[in-house]
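One letter stands for each residue in the lines below.
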Amino acid sequence: MFVYCHIYFLHKYGSGGLGYFDFFGIESGKDDIRNSTLAIITKECREKGMPNHLVVIEHMGDYVNCIDTLTSEGAIGSWSWLDSDGFVKYSESFEEYFVGKLEDCL
């Protein structure tokens, strides 16, 4: 498995999706990464109490799907400002999560 593939993927390909799946990334042509969708949404969620080690890749209404940057393989889970469950991990890596989303769309 490619360690830190989530960082490579988000820098290389930015944001986008397929079917119902649409994720935030670092869009090309941005002069400053702080102006990317990923950074803007992550900042908003951190202001609502989301831990600093999480980076938002999908906004799902009352919760967001995030990459846990404390894990080298980019574990994926959800976080919501409406409950006290904290970060709920459901995928061990960004790669596993992304491939699963693609398979669901095909």
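Note that the coordinates shown come from a computational prediction; the quantities given were computed from them, not determined experimentally. (Residues numbered from 1 in each chain as written. Predicted model: local features only at pLDDT ≥ 70, side-chain atom pairs only at ≥ 80, totals over all residues. Heavy atoms only, no water.)

**Student:** So what's going on with the nonpolar core? Residues and values would help.
**Tutor:** With 19 residues, the main nonpolar core has Met50, Val56, Ile57 and Phe94 as its most contacted residues. For this core, the elements supplying multiple residues, two or more each, are helix H2 (37-47), strand E3 (54-59), strand E4 (64-68), strand E5 (75-79) and helix H3 (94-105). The leading source of residues in this core is E3, at four residues. (Core = buried A, V, L, I, M, F, W, Y, C linked by side-chain atoms within 4.5 Å. Buried < 20%, exposed > 50% of the residue type's maximum accessible area, 1.4 Å probe, protein only. Helix = DSSP H or I, 4+ residues; strand = E, 2+ residues; numbered from the N terminus.)

**Student:** So, the sheet that holds E5: which residues are in play, and what are the values?
**Tutor:** Strand order in the open sheet formed by four strands is E3-E4-E5-E6, with antiparallel pairing between adjacent strands. Lying at the two open borders of the sheet, with one neighbouring strand each, are E3 and strand E6 (88-91). Each adjacent strand pair in this sheet contributes to an overall mean axis angle of 35°, direction not counted. For E3 and E4, the ladder comprises five bridges, and the chain directions are antiparallel. The partner of valine 56 across the bridge, within E4, is cysteine 66. (Pairing = 2+ DSSP bridges. Axes fitted to C-alpha atoms, helices over the stretch in contact; angles between N-to-C directions.)

**Student:** Go over the pairing of E5, please, and point to the residues and values.
**Tutor:** Most of E5 sits out of view: five of its five residues are buried. Judged from the five bridges that link them, E4 and E5 form a sheet pairing that is antiparallel. Its bridge partner lying in E5, isoleucine 67 is registered against isoleucine 76. Hairpin remark: E4 followed by E5, antiparallel, with six residues in the connecting loop; positive phi at glycine 74, about 70°. Alignment of E5 against E6, held across three bridges, turns out to be antiparallel. Bridge pairing in E6 places isoleucine 76 opposite serine 91.

**Student:** How would you sum up the pattern of salt bridges? Please name residues and give values.
**Tutor:** For the structure shown, the criterion picks out three salt bridges. The partner of lysine 89 in a salt bridge is glutamate 92, with the nearest N and O atoms 3.2 Å apart. Judged by relative accessible area, lysine 89 falls into the partly exposed class, the value being 45%. Its relative accessible area of 48% is what places glutamate 92 among the partly exposed residues. (Salt bridge = Lys/Arg side-chain N within 4 Å of Asp/Glu carboxyl O.)

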